[in-house]
Amino acid sequence: MNLRELVSALNDFASPALAESWDNVGLLVEPSPPHNVNTLFLTNDLTEEVMEEALQKKADLILSYHPPIFTPLKRITWKTWKERLVVRALENRIGIYSPHTAYDAIPHGVNNWLTKGLGACTSVPLHPSTAPSSPAEGTHRVEFCADAEHLDAVLSQIKDIPEISCLTTLPARVEGEEQTRVSLNCSQKALLEVVALLSQNSLLYHKTEILLLQKPLLPHTGMGRLCTLSEPVSLSDIIERIKGHLQLPHVRVAVGAGRTLESPVKKAALCAGSGSSVLKGTEADLYLTGEMSHHDVLDAVANGISVILCEHSNTERGFLSELRDALAIHLQNKINIIVSEKDRDPLQVA
C-alpha cells in the first residue's frame, strides 16, 4: 500500500483534527517517495529498543501512539535518543505516524477501550469534541439592513476589516421600504470593529443582529469518559476488574474521604494517560487514569472521590491489540499489522 494512501486511510480512521491543539499528530517522518508499506508496526512508545524490533520485523511504517517528536528538534544528530530514532527511521526507509489524542477522542478509541475494565456501563465524553470544519469560518455572524444612502459606504468600510468572510447582500423590505440585508461572518476580533463601525449610525445599529456560530458536538466523541455502571460495585471489586483488564499485578489506590474499599462505585470518570486536567472538577465516585499529580489526588480524596492510578502507558497499551484488529478491517487486510512485543511502561514495582 502506498504510504500516502495509507496515511489518508489512517486519517479517515481518526481525523487529526480531533487531537488537542497542543499535540503533534499525523505523519512525522516520511521517507522519500515513492514509499510502499507492506508491514505496519504498532507501539505505544517508540523507544530505541522498540525501533530495533521494528527493524527486525521489517516494518515500513511505525504507528507510535505517543509522538516521538513532540518538542521541536533543532538538529538531527546521533547525540540524543529521539534524534537517533529519526536518523534510523530515514536510513532504513521507515515512516513514523502518531495519532495520540485523536485516538483518545474517537468513539472506538483508547478511552472507550479503558471503559471496558469497569464492567457493564454507559459512557459519555467528559469534554465533547466539536465538528472541526463547521462552520468553516468565523466565530460570529452579523446581519443588518441598510438603505441605499448608507449601503455603499458601510460595505466599503467593512471590506477593509480583516477576518471578515461570507459577506452577502440580499434585497429586503423593512417597514415598507426597499433596503438591503447584509450578512457576514467574522472572528471575535473583527466583531469588535464591525460593531464599532455600525454603532456610528444609530439606524444601522438598532437593526443589527449578532449570532454566535457554535460548532455542533460530535456524538460519542471527545476527551475522557464519564461512566455510569449498570449496577453499583464495591471499590475493591472495581480494582480487581481494572487489574484484570490491564493485566497488572498492582495499581495505586487512594480512597476518598468518608469511603472504604467496600463503598459502592456507581459513577467513574476516566482518562487514559495523564488525566488530571480532563478529570478535574468532575463529580464521580472514582477517578481512573494513568497518573495524577500529588495535589490533584489530594483534592479528589478531600472531595470523597477515590482514585486508581495505573501508570501512564498502562492505561493505553492494551488498546493496541484492539487497534490491530480494527485497522485490519479498515484497511481491508491489504497490509501486515504487527503489535510490538518490546513496548512496555518504563515504571515497574520493585
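Residues numbered from 1 in each chain as written. Predicted model: local features only at pLDDT ≥ 70, side-chain atom pairs only at ≥ 80, totals over all residues. Heavy atoms only, no water.

1. Focus on helix 7 (residues 188–198)
Worth spelling out the cut-off: A simple rule labels every residue: compare its accessible area, found with a 1.4 Å probe on the protein chains alone, to the largest value its type can have, and call it buried under 20%, exposed over 50%, or partly exposed in between. The helix and strand labels rest on DSSP assignments: H or I over at least four residues marks a helix, E over at least two residues marks a strand, and numbering proceeds from the N terminus. Arc definition: it is the arc formed by the directions from the helix axis to the C-beta atoms.
Buried within helix 7 we find Ala 190, Leu 191, Val 194, Leu 197 and Leu 198. Take helix 7 and look down its axis: the buried residues cluster within an arc of 130°, on one side only. Residues of helix 7 that are exposed and angled more than 90 degrees away from the buried face: Lys 189 and Leu 192.

2. A few points about unusual backbone geometry
Most of the time, phi is negative for any residue but glycine, and the peptide bond is trans. Each neighbour pair has its own omega, and for Pro 33 with Pro 34 the value is 0°, a cis peptide bond. In this structure, Pro 34 sits in the loop between strand 1 (26–29) and strand 2 (39–43).

3. Quick look at the packing of aromatic side chains
The description of an aromatic ring pair rests on the distance of the ring centres and on the angle between the ring planes. Note the following rule: Aromatic rings from Phe, Tyr and Trp, with only the six-membered ring used for Trp, were paired whenever their centres fell within 6.5 Å, and each pair was classed as stacked if the ring planes differed by under 30 degrees, edge-to-face if by over 60, and tilted otherwise.
Using the criterion set out here, one finds three aromatic pairs in the structure. An angle of 75° between the planes, with centres 5.8 Å apart, marks the rings of Phe 13 and Tyr 103 as edge-to-face. Here Tyr 103 lies in helix 4 (residues 101–105) and Phe 13 lies in helix 1 (residues 3–13), a separation of 90 residues in the sequence. The burial state of Phe 13 is the same as that of Tyr 103; both residues are buried. Here Tyr 103 and Phe 319 contribute two aromatic rings whose centre-to-centre distance is 6.1 Å and whose plane-to-plane angle is 80°, an arrangement assigned as edge-to-face. Taken together, the positions of Tyr 103 in helix 4 and Phe 319 in helix 12 (residues 319–330) put the pair 216 residues apart, joining distant regions of the chain.

4. Description of the pattern of salt bridges
The following threshold applies: Salt bridges are identified by distance alone: a Lys or Arg side-chain nitrogen within 4 Å of an Asp or Glu carboxyl oxygen.
In the structure shown here, the tally under the stated rule is 16 salt bridges. Ionic pairing is found between Glu 178 and Arg 173, a salt bridge with its closest N-O pair at 2.3 Å. Looking at Glu 178, the relative accessible area reads 54%, which means it is exposed. Bridged by salt links that share partners, the residues Asp 45, Arg 317 and Asp 343 form one connected network.

5. Digging into the packing of helix 2 (residues 48–56) against helix 3 (residues 81–91)
Selection criterion: Structural elements are reduced to axes, namely lines fitted to C-alpha atoms, with helices fitted over the stretch in contact, and the angle between N-to-C directions of any two is expressed from 0 to 180 degrees. Note on angle classes: values under 35 degrees are labelled roughly parallel, values over 145 roughly antiparallel, values of 65 to 115 roughly perpendicular, and the remainder oblique. Throughout, a contact is declared for two residues whenever any of their heavy atoms are within 4.5 Å. Classification convention: Asp, Glu, Lys, Arg as charged; Ala, Val, Leu, Ile, Met, Phe, Trp, Tyr, Cys, Pro as nonpolar; all other residues, Gly among them, as polar.
At a minimum axis separation of 10 Å, helix 2 and helix 3 run at an interaxial angle of 10°. The angle between helix 2 and helix 3 places the two elements in the roughly parallel class. Contacts from Glu 48, Met 51, Glu 52 and Leu 55 of helix 2 reach helix 3 at Trp 81, Arg 84, Leu 85, Arg 88 and Ala 89. Taken together, the residues of the contact of helix 2 with helix 3 break down into five nonpolar, no polar and four charged.

6. Considerations on the side chain of Asn 111
Relative to the elements of secondary structure, Asn 111 occurs in helix 5 (residues 110–115). On the basis of relative accessible area, Asn 111 is assigned to the buried category, the value being 0%. Every residue in contact with Asn 111, bar those within four places of it in the chain, is listed here: Asp 104, Gly 224, Arg 225, Leu 270, Cys 271 and Ala 272.

7. Re the side chain of Ser 165
Of note, Ser 165 is situated in strand 7 (residues 164–174). We classify Ser 165 as buried; its relative accessible area is 11%. Excluding residues that lie within four positions of it along the chain, Ser 165 makes contacts with Glu 137, Leu 184 and Asn 185.

8. Some details on the packing of helix 1 against helix 12
Counted only if it meets this: Left-handed describes a crossing whose near helix is turned anticlockwise from the far helix through less than a right angle; right-handed describes the clockwise counterpart.
Remark: helix 1 packs on helix 12, axes separated minimally by 11 Å, with the N-to-C direction vectors making an angle of 115°. In this structure, the crossing between helix 1 and helix 12 has a hand that is right-handed. Side by side, helix 1 and helix 12 meet where Ala 9, Leu 10, Asp 12 and Phe 13 of the first sit next to Leu 323, Ala 326, Leu 327 and His 330 of the second.

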